[in-house]
Amino acid sequence: MEYKQYHEDNAKVFHSQEQVFFSQANAAGFLSLHELLRVTADLAVEDYNQQGMSRQFLVEHGVAILVSRLAFRIHKMPVENQKLEFVTWEEKPEPLQLARNYKILDESGNLLVSGKSYWLLVDLAKRRLLPTAKFTLRPPVETVSEMDCLKPAKINEPEGMELWDSRKIKYSDLDTNGHTTNSRYGAFIEDALPAEYRGKVPSDFKLNYSKEAMLDSTLDVYGKVEEGGKKLTIIGKTAEGCSFEAELYY
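The rules behind these values
- Residues numbered from 1 in each chain as written.
- Predicted model: local features only at pLDDT ≥ 70, side-chain atom pairs only at ≥ 80, totals over all residues.
- Heavy atoms only, no water.
- Helix = DSSP H or I, 4+ residues; strand = E, 2+ residues; numbered from the N terminus.
- Contact = heavy atoms within 4.5 Å.
- Buried < 20%, exposed > 50% of the residue type's maximum accessible area, 1.4 Å probe, protein only.
- Pairing = 2+ DSSP bridges.
- Core = buried A, V, L, I, M, F, W, Y, C linked by side-chain atoms within 4.5 Å.
- Polar contact = N/O pair within 3.5 Å; in protein donor to acceptor, adjacent residues only side chain to side chain.
- Phe/Tyr/Trp six-rings, centres within 6.5 Å; stacked < 30°, edge-to-face > 60°.
- Lys NZ or Arg CZ within 6 Å of the ring centre and 35° of its normal.

**Quick word on the environment of Gly186**
Right, on to step 1. Position of Gly186 among the secondary structure elements: in helix 3 (residues 184–192).
Right, on to step 2. Placed 150 residues apart in sequence, Gly186 and Leu36 show a C-alpha to C-alpha distance of 8.4 Å.
Right, on to step 3. The contact partners of Gly186, leaving out residues within four places of it in the chain, are Leu33, His34 and Leu37.

**A look at the pairing of strand 2 (residues 13–19)**
Right, on to step 1. Among the seven residues of strand 2, six are classified as buried, and the element is accordingly described as predominantly covered.
Right, on to step 2. Where strand 1 (residues 5–7) and strand 2 come together, three bridges link them in antiparallel fashion. Its bridge partner being in strand 2, Tyr6 is matched across the sheet by His15.
Right, on to step 3. Connecting strand 1 to the antiparallel partner strand 2 that follows it, the hairpin turn spans five residues, and Ala11 within it adopts a positive phi of roughly 65°.
Right, on to step 4. Bridging between strand 2 and strand 4 (residues 83–94) involves seven bridges; their strand directions are antiparallel. The residue bridging Glu18 from the neighbouring strand is Leu84, located in strand 4.

**Describing the nonpolar core**
Right, on to step 1. One finds Phe205, Leu207 and Phe244 to be the most contacted residues of the largest nonpolar core, which totals 49 residues.
Right, on to step 2. No other element matches helix 1 (residues 33–50), which puts seven residues into this core.
Right, on to step 3. When neighbours within four sequence positions are excluded, Phe244 is seen to be in contact with Tyr185, Ile189, Leu207, Asn208, Ser210, Leu219, Val221, Ile234, Ile235 and Gly236.
Right, on to step 4. By size, the runner-up hydrophobic cluster in this structure holds six residues, among which are Val13, Val87, Met147 and Cys149.

**Some thoughts on the side chain of Ser32**
Right, on to step 1. Within the secondary structure layout, Ser32 lies in the loop between strand 2 and helix 1.
Right, on to step 2. Looking at Ser32, its side chain comes within polar contact range of the side chain of His34, at 3.3 Å.
Right, on to step 3. Once residues lying within four places of it in the same chain are set aside, the contact partners of Ser32 are Gln24, Ala25, Asn26 and Glu190.

**Here's the deal with the packing of aromatic side chains**
Right, on to step 1. Under the counting rule described, the total for this entry stands at six aromatic pairs.
Right, on to step 2. Between Tyr185 and Tyr209, the aromatic rings sit 5.3 Å apart at their centres with planes inclined by 75°, giving edge-to-face as the arrangement. Here Tyr185 is found in helix 3, whereas its partner Tyr209 is found in strand 9 (residues 204–209), with 24 residues between them in sequence. Grouping residues by exposure puts Tyr185 and Tyr209 together as buried.
Right, on to step 3. Taken together, Tyr185, Phe188, Tyr209 and Phe244 form an aromatic cluster joined through their ring pairs.
Right, on to step 4. A cation over a ring is seen here: Lys83 above Tyr3, with NZ or CZ 5.0 Å from the ring centre.
Right, on to step 5. Taking the ring centre of Tyr222 as reference, the NZ or CZ of Lys237 above it sits at 5.5 Å.

Laid out in C-alpha cells, this is it:
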C-alpha cells in the first residue's frame, strides 16, 4: 500500500496517511489513547519539520514548543489495520498559547476524530514562557475554524478523589527534552481505569499537562466517577505537585 504525506497548495494544512498497526491497538482492538496522543503530537512535529522548522532548528533559535492542553472528540475510534488520513493545521494563537487543530479520516473521508491542542512557547535560555507574538520563525497565522470537540480548558479537581494507581517514572517514559513524553500520560490514564472502563471508547477526552514528571518520580493517579458513570476525572500527582489532569466522557 502507498502512504503519502503532503501539504495542501497553500502549505497551511498537512496530511499524513498512516495505518493502525497491531502494536498501536489496545486489547479491544481500538487505537489506544496513548497512541492517539503520540501520532497527533508527531504529526504536529512533522508539519513543522517539513516547513523547515525541525526541533533542532527551534533549539538553535532558542525556543521549544511544548504541548499544554488538548481535547479530542471521538466519533468512531480507529481500529487495528485501518488506513487513516491525519490532517492538522495551525490556528490563530492566543496570547500565550499556540493553537492547532486535528482531524482523523477513514479511507472514504468520514470523520473519525476531531481535536484541538494548545502549545506553550518556551525561551530555552531563560526557561520562561514567551508570548506567541514573539514566534516569528514562520508567518503569522490568522486561520480560525470551528471544531467539533470540547475546547481545551482548565480541569477542576473534584472532592472525593480516590487513588487508582501508583507508578514510578522510568527511563523509557522520557523523551529528548528529559521529561516524560506527552503520549505516556495516555498510558498512565488507561492503566488506572476501573475494569469496567477498559476497552470502552470515550466520546470526549481532555488532557492538561501541568508539572513535568521526571525520572524516578512516583506518580500517583487519582480518579473519580461522576455523572452516573458518564464522566471520569483522573489526576496524576508527584511530590512536586500536579502532573496532569484529564476528563473522559462516555
